[in-house]
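Breakdown of the fold
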Amino acid sequence: MPITNFVLAGGFGSYMLAMDQRTYELIGTDYPGNRAVDVKNPSLGWMIGFMFVVSFLGLFSLVALRKVMVIDYKLTYPSGTATAMLINSFHTTTGAELADYIRANKYLRHSKQVSCLGKYLSISFLWNCFKWFFSGVGDSCGFDNFPSLGLAAFKNTFYFDFSPTYIGCGLICPHIVNCSTLLGAIISWGFLWPYISTKAGEWYPANLGNNDFKGLYGYKVFISVSVILGDGLYNLIKIIYATIKEIMNARSKQGRLPLVGVQDDDEGSKLSAAEKHLNETFVKDSIPPWLAGSGYVGLAAVSTATVPVIFPQLKWYLVLSAYIVAPLLAFCNSYGTGLTDWNLASTYGKIGLFIFASWVGQNGGVIAGLAACGVMMSIVSTAADLMQDFKTGYLTLSSPRSMFVSQLIGTALGCVIAPLTFWLYWTAFDIGNPDGMFKAPYAVIFREMSILGVEGFSALPQHCLAICSGFFVAALVINLLRDVTPKNVSKFIPIPMAMAIPFYIGAYFAIDMFVGTVILFVWERVNRKECDDFAGAVASGLICGDGIWTVPSAILSIMRIDPPICMYFKPSS
């Protein structure tokens, strides 16, 4: 897992390329704020060194909270749950029993479970194969961009994109999560963004690019992150308070946690024997908190001393500041991933890019912002991936300690393999050429963001910070209401973290997840026992089949084999 995720967290197609000479020239040597001194071309030595000093901190940042995230908060981590279902389906009787633990702790015949999972995995894979024949270059055609709810709704990302993955997520995630996601999509893309768009030319300059912080994009990023931070900060403070209360009272009682009320049935205080077995296995092979804390502090100290050597523009106190706030951001990202399966590491990276570029200013702010973006993305992405894997380990009765060690080994391999692979492409191909095969468009976007960040918060559009403050307070108030209201009322109050994801991503995946939750709701009413027994297997099959399709899809892309239909019938430009 860590090796593959280095493609995203390592920034090999985004912030790292944004530092090189070609991107500097593409933006224009006369572009305001684009200075020749803010250039650092890729080199195998510094890339491997940078990966080693920043990639391990995310593993230590949240490992002490694994019990809270997986057992107490009961976060679903849909991809982790689907992976566990797939793994358990390959086992014999014991594997079937473990798979039963995932759903309502009812024993199923192993052959039925495997058959159900395999059938929907095949359906999902074949459906993606069918969709490929109708896909085209860019976003011009295909089922993934079909205006199923009309062209006006499509322009505001309200469409059903026929994604098996997010329908499967809707089947796994609690109803309140899916409904919160749809509510967030309606608030943002149905009302807020269209309203702000009418203020173009008044609140912000008209005719800006889609990724320009000075325009609508600035509202999207900062408002969504403000909601996420408000929700994450509230829950983190709540965890700290509950922990201190436990120590002070010398008892093992912990206050009601926000997602306990999410469950559809009344669990009460009694756990089934199966769930107790899962919990005991997960907590007995513990990772000492002192090891997590000392590991994070030690690695942060090494990184604080080393990163300024690689990037002199990013001073040691800036790196230290990043590591002080990083655990909070890692918690927010892991919490959001557990709810909706979306890893927003790039969003947190962009926030870090903007803040640190603004902090440093004209003298090296561009490179400092891009480097800080890499530090943030690495920590928050790795922490979310680790918690996702802990969820898989929890459901498969795997040793958390062994999984943690495996993550360390995988991360060490990724620190070498990912830069080597990138270096091979960078030296063999014309990376970043806008007319070539590997255009690397995000390199230009990230550099322009960093240049904008140098100008500071004054560059943000009008009322952006005021609106962000309002949404931050709203997230705190909603969480407070979820805790102080009775359970029969709080279970209908939306979750701010889930609402915030579509603010930035779009409404389409919220519609997919809502379709999944509607299917689950109807299934529960028609045949509750069958739903409890097979919903997890159906969801896992849909998610895994969609994931397996990425392998032949990548091969087709590498071989430059185009879909046959839209190549001939694509809309004219």
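Preceding this paragraph is the structure being described.
Presented here is an overview of the structure given in this document. Here the structure is a predicted model, which is why all the values come from computation and not from measurement.

Some thoughts on the overall build of the chain
Of the regular secondary structure elements, the chain holds 25 helices and zero strands. When each of the 573 residues of the chain is scored for burial, the buried share is 53%. Taking as baseline every contact in the chain between residues at least 6 positions apart, the subset at least 24 positions apart corresponds to 79%. Total accessible area on the chain is roughly 24,800 Å²; 65% of this is exposed by carbon and sulfur atoms.

Some remarks on the environment of I451
Looking at the element boundaries, I451 is found in helix α19 (residues 441-454). With 84 residues separating them in the primary sequence, I451 and I367 have C-alpha atoms 9.2 Å apart.

A look at the nonpolar core
What tends to happen in soluble globular proteins is that the nonpolar side chains get buried as a cluster. In terms of nonpolar packing, the biggest core is built from 157 residues, with Y15, F50, Y219, F311 and L314 touching the most fellow members. If you tally residues by element for this core, the top one is helix α17 (residues 365-395), at 18 residues. Residues contacting F311, with those up to four places away along its chain left out, are M19, K40, W46, F50, I367 and A371.

A word on the packing of aromatic side chains
Evaluation of the coordinates by the stated rule reveals 31 aromatic pairs. With 5.6 Å between their ring centres and 15° between their planes, Y159 and Y508 make a pair best called stacked. Here Y159 is found in the loop between α9 (151-155) and α10 (164-172), whereas its partner Y508 is found in helix α23 (residues 508-526), with 349 residues between them in sequence. By relative accessible area, Y159 is classed as buried at 9%. Here W316 and Y317 contribute two aromatic rings whose centre-to-centre distance is 5.8 Å and whose plane-to-plane angle is 85°, an arrangement assigned as edge-to-face. Judged by relative accessible area, W316 falls into the exposed class, the value being 51%. The structure contains a cluster of three or more aromatic residues connected by ring pairs, namely F154, Y159, Y166, W342, Y508 and F509. The ring of F282 is capped by R66, whose NZ or CZ atom sits 4.9 Å from the centre of that ring. A cation over a ring is seen here: R66 above F390, with NZ or CZ 5.9 Å from the ring centre.

So, a nonpolar patch on the surface
Together, F52, V405, I409, L413, V416, I417 and L420 make up a nonpolar patch on the protein surface, roughly 540 Å² of accessible area in all. With six residues, the single largest contributor to the nonpolar patch is helix α18 (residues 400-428). Summarising the element assignment, L420 is placed in helix α18.

Regarding the environment of V416
Mapping V416 onto the fold places it in helix α18. Here the alpha-carbon distance between V416 and G49, two residues 367 residues apart in the chain, equals 9.0 Å.

Section: unusual backbone geometry
Even without being glycine, Y77 reaches a positive phi, approximately 45°. As for its position among the elements, Y77 is in the loop between α5 (66-72) and α6 (78-89). The phi angle at F162 is positive, at roughly 55°, despite the residue not being glycine. On the secondary structure map, F162 appears in the loop between α9 and α10.

Looking at the pattern of salt bridges
Summed over all chains, the structure comprises seven salt bridges. Between K67 and D72 there is a salt bridge whose closest N-O contact spans 3.2 Å. Take K67: its relative accessible area is 38%, and that puts it in the partly exposed class. One salt bridge in this structure joins E524 and R525, with 3.6 Å as the shortest N-O distance. Taking relative accessible area as the criterion, E524 reaches 10% and is therefore assigned buried. Since its relative accessible area comes to 54%, R525 is described here as exposed.

The rules behind these values
- Residues numbered from 1 in each chain as written.
- Predicted model: local features only at pLDDT ≥ 70, side-chain atom pairs only at ≥ 80, totals over all residues.
- Heavy atoms only, no water.
- Helix = DSSP H or I, 4+ residues; strand = E, 2+ residues; numbered from the N terminus.
- Buried < 20%, exposed > 50% of the residue type's maximum accessible area, 1.4 Å probe, protein only.
- Contact = heavy atoms within 4.5 Å.
- Areas by Shrake-Rupley, 256 points an atom, 1.4 Å probe, with all protein chains shown as cover.
- Core = buried A, V, L, I, M, F, W, Y, C linked by side-chain atoms within 4.5 Å.
- Phe/Tyr/Trp six-rings, centres within 6.5 Å; stacked < 30°, edge-to-face > 60°.
- Lys NZ or Arg CZ within 6 Å of the ring centre and 35° of its normal.
- Patch = residues over 30% accessible without salt bridge, like charges linked within 9 Å, V, L, I, M, F, W, Y side chains within 5 Å.
- Salt bridge = Lys/Arg side-chain N within 4 Å of Asp/Glu carboxyl O.

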